[in-house]
Amino acid sequence: MAALPSMPFLSPCRRAFLAGSLSACILPSLSPAQEEERQKPATNDCPRCGGLKRVPLKNAKPFVWLKDDPPLNVETAVGVQFCPQCQMGNDPAQLLAELQEQVDAAVAKNLEWEERTGFKLLLAVTHNVTLHTQLTAEQARAVGKAIETFALHLARVTDSLLLTPTRPSRFGLMVLWEKSSWTQFRKVMEGLYTREQLGESWTSAANYNSYDHFVTPHMYETPESVRTRPPTVGSTFIVARRQLSVATSWRAPFWLSEGFAAYADYIVHKTNRWFTVYDPSRVPTIGDWMQEARRQSSGGKSRPWNKLFDREVRDFAPADYSQAMAMVAFLLESKPPDFLNLARKLRARQPQQAALESAYEASLTELEQRCKRWLVARK
Ligand SMILES: [Zn+2]
């Protein structure tokens, strides 16, 4: 495989290095708005919709609209309905207007980025994300579809929008082509933000290929990178991680957000090819991490859960990646409503072990045993 620029990924305050072309890059510090969100007191949300006032539409179709496509038909594109518990009697036409507004806002942002950068940028909009990109239309559509595949999976499993909280008007992902564009884009960002807003890892990120900026995460692909993995891989990972961060008000511990993002890669691609690493000598193997976790678990090689809880990226060993992903898969798939509860409890600042044990009404030891059995049964 060709050697590619690797990327550092920074978790909230630590520097992380990515090995090869295969990992992701996370980021610096929270924006003032995110910090404000963290400080908000927990509210008594509607139990059906979690306070979002919307729930998934049954049988929603994947929605990806490119700006060169025929005009959007919002009626077939809407993926949500009003919450039947707290939003009775609202006019569904409002939801169509909302989607149109989101798409219009995405188009305006796209034009703004074209002006700022001087690039021709394709636009792809999904229910949750705006993609501004130098990829081909075919690649952009594939990325949008991958993002939608995971969003619809979450909606189907949880019957909730709690784990897909971002909207295209407010969350844009920039996917560039070749390092020269990346370098030029970074100059544009430097004109838009102060050093502090760019994050403490901004300077070191110059040598890497993905940076999860709090407003506009950005990355680039190259002819070599897309030969080794489709451009859907990194985008799916970064978008999934952002969904959980927003859903928990940025309080998900590292194992949970890394495991959740890896789970997205697994659901979409059935192969894990993207991760965040600190030490390039401790890189996980590429492949089917569910199978890997099953092997670890049946061989008695899994780490006790509480030993994983406070591990940051710099502490992660290769086997921790597949274990974290399998833990997320188990927690989400075996008891979806409990997983939503876990997210709510973390958002409300409960410590992770207490949040887990109360959300699942089980001790940690019991959960570990259940996970072990679940892994054997899940094929
Ligand atoms: Zn509701």
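Residues numbered from 1 in each chain as written. Predicted model: local features only at pLDDT ≥ 70, side-chain atom pairs only at ≥ 80, totals over all residues.

Caption draft 1: Inspection of the overall build of the protein chain at higher detail. Of regular secondary structure, the protein chain possesses 15 helices and eight strands. Here the protein chain holds 379 residues, and 45% of them are scored as buried. (Helix = DSSP H or I, 4+ residues; strand = E, 2+ residues; numbered from the N terminus. Buried ≥ 20, exposed ≤ 12 C-beta atoms within 10 Å, placed from the backbone.)

Caption draft 2: Layout of the pairing of strand β8 (residues 218-221). By the alternation rule, side chains of β8 split into His218 and Tyr220 and Met219 and Glu221, which are all buried. Pairing geometry for strand β6 (residues 172-177) and β8, over four bridges, is parallel. Along β8, the bridge assignment pairs Leu176 with Tyr220. Alignment of strand β7 (residues 210-211) against β8, held across two bridges, turns out to be antiparallel. Across the sheet, Ser210 pairs through a bridge with Met219, a residue of β8. (Pairing = 2+ DSSP bridges.)

Caption draft 3: Molecular detail of unusual backbone geometry. Residue Ser249 is not a glycine yet carries a positive backbone phi of 50 degrees. Here Ser249 shows up in the loop between α8 (232-247) and α9 (254-269). Looking at Ser249, the number of C-beta atoms within 10 Å reads 21, which means it is buried. Not every positive phi belongs to a glycine, and Trp250 is a case in point at roughly 65 degrees. In this fold, Trp250 is placed in the loop between α8 and α9. For Trp250, a count of 19 C-beta atoms within 10 Å corresponds to the partly exposed category.

Caption draft 4: Representation of the sheet that holds strand β2 (residues 65-66) in the model. Read from one edge of the open sheet, six strands run β2-β4-β5-β6-β8-β7, paired in mixed fashion. On the outer flanks of this sheet lie β2 and β7, each paired with one strand and no other. The sheet contact formed by β2 and strand β4 (residues 122-125) spans two bridges and is antiparallel. Within β4, the residue paired with Leu66 across the bridge is Ala124. Helix-sheet contacts for helix α3 (residues 93-117) involve β2, β4, β5 (130-133) and β6, and the interaxial angle to β4 is about 155 degrees. (Contact = placed C-beta atoms within 7 Å. Axes fitted to C-alpha atoms, helices over the stretch in contact; angles between N-to-C directions.)

Caption draft 5: Region of interest: the confidence of the model for the protein chain. Mean pLDDT for the protein chain: 89, with 88% of residues reaching 70 or above. Here residues 1-23 scores under 50 on pLDDT; set against residues more than four positions off or in separate chains, the count is 86 contacts. (pLDDT = per-residue confidence, 0-100.)

Caption draft 6: Representation of helix α14 (residues 352-360) within the structure. Those residues of α14 lying buried are Ala355, Leu356 and Ala359. The buried residues of α14 all sit within an arc of 95 degrees when viewed along its axis, so they share a single face. (Arc of directions from axis to C-beta.)

Caption draft 7: Structural detail: helix α15 (residues 364-377). For α15, with 14 residues, the first-to-last C-alpha span of 20 Å sits near the 20 Å given by 1.5 Å per residue. The complete set of buried residues in α15 reads Leu367, Cys371 and Leu375. End-on view of α15: buried residues confined to an arc of 75 degrees, all on one side of the axis. Exposed side of α15, more than 90 degrees from the buried face: Thr365, Glu366, Gln369, Arg373, Val376 and Ala377 are the residues found there. (Expected span 1.5 Å × (residues − 1).)

Caption draft 8: Focus on the pairing of β5. Burial of β5 is two-sided: the residues Thr130 and His132 facing one way and the residues Leu131 and Thr133 facing the other way are all buried. Pairing analysis gives four bridges linking β4 to β5, with the strands arranged antiparallel. Pairing of Leu123 across the sheet is with His132, part of β5. Adjacent in sequence and paired antiparallel, β4 and β5 are bridged by four residues. In the sheet, β5 pairs with β6 via four bridges, with the strands oriented parallel. Its bridge partner lying in β6, Thr130 is registered against Gly172. Crossover β5 to β6 through helix α4 (residues 137-158) is left-handed. (Right-handed = clockwise from strand over helix to strand, strands pointing away.)

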